[in-house]
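Observations on the three-dimensional arrangement
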Amino acid sequence: MESKNSKTCISSSGWLENAKVCESPNFNERPESTEVDLIVIHSISLPPGEYGACYIDDLFTNSLDANIHPYFETIKDLHVSAHLLINRKGELTQYVSFLNRAWHAGQSCYEGRENCNDFSIGIELEGLEGNTFEAEQYESLAKTCIELMKYFPAINPQGICGHSDVAPGRKIDPGSGFDWEYFYKRLEALTDE
């Protein structure tokens, strides 16, 4: 349930006011009375290891042209989404309202609860598992997580995890290149401001 007491830059309809909007059809309603209390961090690059093109938008809007790159042929039939993408410059694109269920975690379990899409927010960082991320991405991620914690009071810093934490053995993102210690330091510093 959205917090009514904290001022936030997320609209009452669940859209981040400072994000570019690129609406995905790949979402549905959360189960009734579901409390959002988890943020799942992912990493993505299309083609793998390449940055800056529009192909992530295309994937999440079911408009990826499989003829552009051989890798795209392997994912062309996926119907997936995240709530948010943070590109290498720290810029935000939102695909699904935070009030709805994006299709980001797949088969997943967190602290004994399955189907993490039901109760989580999915945030993609443009990057490749094992590679490092940019300072601008950490800054945008920390600021966004603070806004989400205001909007959804059940989320706390311990409720921020990687895709690898909810789908171990199946997923490894955001990967070893993601500096969790640095992220939590930025989150704490910005929370104290």
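A few points on the structure. Keep in mind that what you see is a predicted model, and the values were worked out from it rather than measured.

Cut-offs and rules
- Residues numbered from 1 in each chain as written.
- Predicted model: local features only at pLDDT ≥ 70, side-chain atom pairs only at ≥ 80, totals over all residues.
- Heavy atoms only, no water.
- Helix = DSSP H or I, 4+ residues; strand = E, 2+ residues; numbered from the N terminus.
- Buried < 20%, exposed > 50% of the residue type's maximum accessible area, 1.4 Å probe, protein only.
- Contact = heavy atoms within 4.5 Å.
- Pairing = 2+ DSSP bridges.

What follows covers the environment of Ala19. Locating Ala19 in the fold gives a position in the segment before β1 (20-21). Owing to a relative accessible area of 14%, Ala19 belongs among the buried residues under this scheme. Sequence separation between Ala19 and Leu85 is 66 residues, and the spatial gap between their C-alpha atoms is 9.3 Å. Non-local contacts of Ala19, meaning those with residues more than four positions away in its chain, are made with Leu84, Leu92 and Gln94.

The next subject is unusual backbone geometry. Residues Leu46 and Pro47 are joined by a peptide bond in cis, for which omega reads -15°. Position of Pro47 relative to the elements: it lies in the loop between β3 (38-44) and α1 (55-60). Put simply, Asp173 and Pro174 share a cis peptide bond, and its omega is 10°. Of note, Pro174 is situated in the loop between α4 (163-166) and α5 (180-192). Residues other than glycine seldom take positive phi values, yet Ser33 does so here, at roughly 65°. Within the element layout of this structure, Ser33 appears in the loop between β2 (27-28) and β3. In the Ramachandran plot, Asn62 falls in the positive-phi region, its phi being about 60° despite a non-glycine side chain. Considering the arrangement of structural elements, one finds Asn62 in the loop between α1 and α2 (70-75).

What follows is about the sheet that holds strand β9 (residues 120-126). The strand order β1-β5-β4-β9-β3-β10 describes an open sheet built from 6 strands, whose pairing is mixed. Of all strands in the sheet, those bounded by a partner on one side alone are β1 and β10 (160-162). In this structure, β3 lies alongside β10, joined through 3 bridges in parallel fashion. From the neighbouring strand, Ile41 faces β10, where its bridge partner is Gly162.

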